Amino acid sequence: MEAVAAEFAFMATAAGKAFVILMDPVRLMYLAAGCVMGLVLGIVPGIGGLAGTAMLLPFTFNMDPYTAFALLLGLGSTTATGDPIPAVLFGVPGGAASAATVLDGFPMAKKGEAGRALSAAYMSSLMGGVFGAFLMAISIPILRPVMLFLGSPELLAFSVLGISMVAVLSGNAPLRGLTAGCIGIMIAMIGTDPQSGTLRWTFNSLYLWDGLPLTPLLLGVFALPELCDLLIARTAIATDTSMSNIYKGQWQGVKDCFKHWWLILRCSWIGGGIGSIPGISASVVDWLAYGHALKTEKGAAQTFGKGDVRGVIASESSNNAKEGGALVPTVAFGVPGSATMAILLGAFLIHGLVPGPDMLTKNLDITYAMVWSVALANILGAGMCYAFSPQFARLSILRFSLILPAVLGIVYIGAFEATRQWGDLYSLLIFGLLGWTMKQFKWPRPPLILGVVLGDTIERYLFISVERYGVSWFARPVVAILFIIAIIGLVRPFLQDIRIHGGVRKMVTNFQAPRFHASQLFTIFVITVLGAACYMALSWDFSAKIVPLVIGIVALIAAGVSLFNDMCRKPETGMESLIDQTIHEVERQIAAGERSGGGGGGGGGGAAAAAVDQKIHMDLTSETGHLPLNVIVTRAARFFGYLIVFMGIMAVIGLIPTIGLFVVFFMRYENSERWPLVITYATVLVIAVTFVFEHIMHIPWPPTFLGQWFPALKAFIPSLA
Amino acid sequence: MIQIDPIQFLMQAGGLFVWVCIVAVVYAVVEKALGGPAAPDVPTKM
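What you are looking at is a predicted structure, and each value in this text was computed from that prediction instead of being measured. (Residues numbered from 1 in each chain as written. Chains lettered and ligands numbered in written order. Predicted model: local features only at pLDDT ≥ 70, side-chain atom pairs only at ≥ 80, totals over all residues.)

1. Let's talk about the overall build of chain B
Now for step 1: When helices and strands are counted, chain B shows one helix and zero strands.
Now for step 2: Counting over 46 residues, chain B shows a buried share of 13%. (Helix = DSSP H or I, 4+ residues; strand = E, 2+ residues; numbered from the N terminus. Buried ≥ 20, exposed ≤ 12 C-beta atoms within 10 Å, placed from the backbone.)

2. Let's talk about helix H9 (residues 174-188) of chain A
Now for step 1: In this model, H9(A) (15 residues) spans 21 Å end to end at C-alpha, consistent with the 21 Å of a helix rising 1.5 Å per residue.
Now for step 2: Taking burial as the measure, the 15 residues of H9(A) include 15 buried ones, the bulk of the element. (Expected span 1.5 Å × (residues − 1).)

3. Points about unusual backbone geometry
Residues and elements named next belong to chain A.
Now for step 1: For Trp201, which is not glycine, the phi torsion reads 45° and is therefore positive.
Now for step 2: Relative to the elements of secondary structure, Trp201 occurs in the loop between strand S2 (199-200) and helix H10 (214-233).
Now for step 3: The class of Trp201 is partly exposed, set by 18 C-beta atoms lying within 10 Å.
Now for step 4: With a phi angle near 60°, Arg420 is a residue other than glycine that sits in the positive phi range.
Now for step 5: Topologically, Arg420 is positioned in the loop between helix H19 (400-416) and helix H20 (422-440).
Now for step 6: Overall, the presence of 15 C-beta atoms within 10 Å leaves Arg420 in the partly exposed class.

4. Details of the domain arrangement of chain A
Residue and element names in this part refer to chain A.
Now for step 1: By domain assignment, chain A separates into domain 1 (2-88 + 95-235 + 249-458) and domain 2 (629-715).
Now for step 2: If you average the C-alpha positions of domain 1 and of domain 2, the two centres end up 29 Å apart.
Now for step 3: On the side of domain 2, 24 residues touch domain 1, which itself brings 22 residues to the contact.
Now for step 4: Of all the secondary-structure elements, those providing two or more residues to the side of domain 1 that touches domain 2 are H10, H19 and H20.
Now for step 5: By residue number, the principal contributor to the side of domain 1 that touches domain 2 is H19, which donates nine residues.
Now for step 6: When the residues that make up the side of domain 1 that touches domain 2 are grouped by side-chain class, the tally is 16 nonpolar, three polar and three charged. (Domains from an automatic or database assignment. Contact = placed C-beta atoms within 7 Å. Nonpolar A, V, L, I, M, F, W, Y, C, P; charged D, E, K, R; others polar.)

5. Here's the deal with the environment of Tyr27(B)
Now for step 1: Position of Tyr27(B) among the secondary structure elements: in helix H1 (residues 6-33).
Now for step 2: Note on Tyr27(B): 17 C-beta atoms within 10 Å, which makes it partly exposed.
Now for step 3: As a C-alpha pair, Tyr27(B) and Ala13(B) span 14 residues in sequence and 21 Å in three-dimensional space.
Now for step 4: Those residues within four positions of Tyr27(B) in sequence are excluded, and the remaining contacts are Val664(A), Phe665(A) and Arg668(A).

6. Observations regarding the nonpolar core
All names here are of chain A.
Now for step 1: Membership of the largest hydrophobic core comes to 217 residues, with the highest contact counts inside it found for Ala54, Val88, Ala117, Leu218 and Leu219.
Now for step 2: Among the elements that take part in this core, helix H18 (residues 364-395) stands out by supplying 18 residues, more than any other.
Now for step 3: Taken together, domain 1 (2-88 + 95-235 + 249-458) and domain 2 (629-715) each give at least three residues to this core, which thus spans both.
Now for step 4: Those residues in contact with Ala54 that sit more than four places away from it in its chain are Leu218, Leu219, Phe222, Ala223 and Ile343. (Core = buried A, V, L, I, M, F, W, Y, C linked by C-beta atoms within 7 Å.)

7. Concerning helix H28 (residues 629-653) of chain A
All names here are of chain A.
Now for step 1: The end-to-end C-alpha distance of H28 is 36 Å, a good match for the 36 Å that 25 residues give at a rise of 1.5 Å each.
Now for step 2: Among the residues of H28, Arg635, Ala636, Phe639, Tyr642, Leu643, Phe646, Met650 and Ile653 are the ones counted as buried.
Now for step 3: Contact partners of the buried residues in H28: H10, H20, helix H29 (655-671) and helix H31 (705-709).
Now for step 4: Two residues or fewer after H28 comes Gly654, characterised by a positive phi angle close to 95°.

8. Focus on the packing of H19(A) against H20(A)
All names here are of chain A.
Now for step 1: At a minimum axis separation of 8 Å, H19 and H20 run at an interaxial angle of 125°. Overall, the two elements H19 and H20 adopt an arrangement that is oblique. As H19 packs across H20, the resulting crossing turns out to be right-handed. Note on element contacts: H20 touches H19 through Asp424, Leu425 and Leu428, opposite Tyr412, Ala415 and Phe416. (Axes fitted to C-alpha atoms, helices over the stretch in contact; angles between N-to-C directions. Parallel < 35°, antiparallel > 145°, perpendicular 65-115°, else oblique. Left-handed = near helix turned anticlockwise from the far one by under 90°.)

9. Let's talk about the environment of Val504(A)
Residues and elements named next belong to chain A.
Now for step 1: Within the secondary structure, Val504 is located in helix H23 (residues 504-508).
Now for step 2: Under the C-beta neighbour-count criterion, Val504 is labelled exposed, with 11 such atoms within 10 Å.
Now for step 3: With 62 residues separating them along the chain, Val504 and Lys442 place their C-alpha atoms 28 Å apart.

10. Structural notes on the confidence of the model for chain A
Now for step 1: Across chain A, pLDDT averages 82, with 87% of residues at or above 70.
Now for step 2: Taken as a whole, residues 596-618 of chain A scores under 50 in pLDDT and shows 53 contacts with residues more than four places along the chain or in a different chain. (pLDDT = per-residue confidence, 0-100.)

Have a look at this one:
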């Protein structure tokens, strides 16, 4: 009893200390800044929280962990709060997590109840978000005693389990997920091997000796593809919905939330619980909660999809609760619950923190600071939305020609922060191209990032386990159980396949003559690169090559089988995962409701049907499917052409003057913007970048030719180094 | 502690404004010489 009291006192002290630390005005300011950025990025079309977190990460290098996580979690926690604004007003979700909100939010706006729908969305987001933080807070005392018994072998097994689950669950193509995860681990092994000093895949480049830095890779894989698709799709949201009723019915929305508190609690639990399972991304959480509400709420089958506030509440409470849930495995086991959490795990490593037992003992106050950050960010975010709804709504109709140049400038600055070498910018470009291709061909990107983040840890824990326990580490009960779960996870899709085909014999005979498709070229490219990487590894020391070779061979097998399936397997139907089944159930019930209600009312069933394809692939997909291939390729080539020319000019005159030049050219050439707007926007942007990055953050800039030739100019031209 | 030299910042801001104007004038001249602004590349519907 005394031990429990002492444990409780220790945790209460840590939670109190964390609260006091977070209440520092500067940290609160960063938390609020993170919230504003989260809301803006959630609302602005094309850029999501994932790209936003990747963009912010490099600017936290010089902060203490409390401030850094306040900023990052402020952003991560509020992107889902701003999402319902475009979803309700324009019928276009700001992010994948609010896709289900459209079904009832948009019909409510059409009925003149936009204010009520938005208010219910903000309040349910707030309640869901705080519930998620609470869930994390109560998980800590439960996990703490367990964590104290975990050693390197168990942490290794958790990492392997995390990657295998993300690989298998993060897409309708588990083999591609597995390949991507293995490639990520191999990327993490680039550089000097800590055991033998062997240089692994460094290609005689000094830049790669310390390994490939995480930030350019993250920005390349998650930010550049979104920008490229923004240029390709050029999506513009029609503004035919009136914003005049945006404040009307707000109080009613708040009352709705308190009336349906039990629904909020259940959906928050779904969000938090599902969020803590690695691999199930944000884009399905809202559908699962919506499906649950549809099944359990009275009369929902008749009213959902036609403007029922309970649909909005279910979806929004769940997607904000997932953040707190996803933090639990990230902090406790170093296994991120989502791609955003994988980036956050990168932040842990950058700030010298090791996820796992340390976070629940030595660094418990940092963990509690995260809990407070999530809770406060949700309250702040909802408050800001109540106060500034019309202003935020205008952001969602911003044109790509205004968004892209500003974001691209920040991406370049962020990427260069990694090691402050030109190599960072080359990495950005290469991984941008890789990320966009993966997104285009529906290769899941989260396993790749997870592999990169966990690759080092896996190898380190493996060597420690072998050194400390010999072969017996494999027989430790927790390790054995976790490995069995990982193996079941990897084998399950094949078992499912066998069941669908009615036996092994029918499955292996269900082939056709090979059919070729452009997307297979990418798989062939991946196989070639993997083959070359494995071949290079053959000449290394045994201790340096064993892990990369095993991982490389697994990746080769997975990619090979995936290619064979693509070419030779007959198209199959009926393979439904639990999530697919839920989405289909939502679709069926809405369709049934529409029939019994006499049709009309927003076409929720159609919207759900259109969303089904997207949900099955649990990464953001390119919304460029309506465009012909030649248009996609031409515009993508133009985008990457811009990046190369941008870098070329930057090498001569520096980054800030290049941004000015690029903005003028881009706005005028790509969208024929009016000259007064072009000049005002370009001037304000370059001055703002100079003020923030040169004078406040004192960012070191990439060396330039002009700066080397005429050093005196450095005093006058910002960013000239 | 944030320390900003206001004179240097104002000089840089003025310089950047002039730079943007120069770029805009050069672009406008080239654009006119090539026969007016490029037609916007709008999304293509299938």
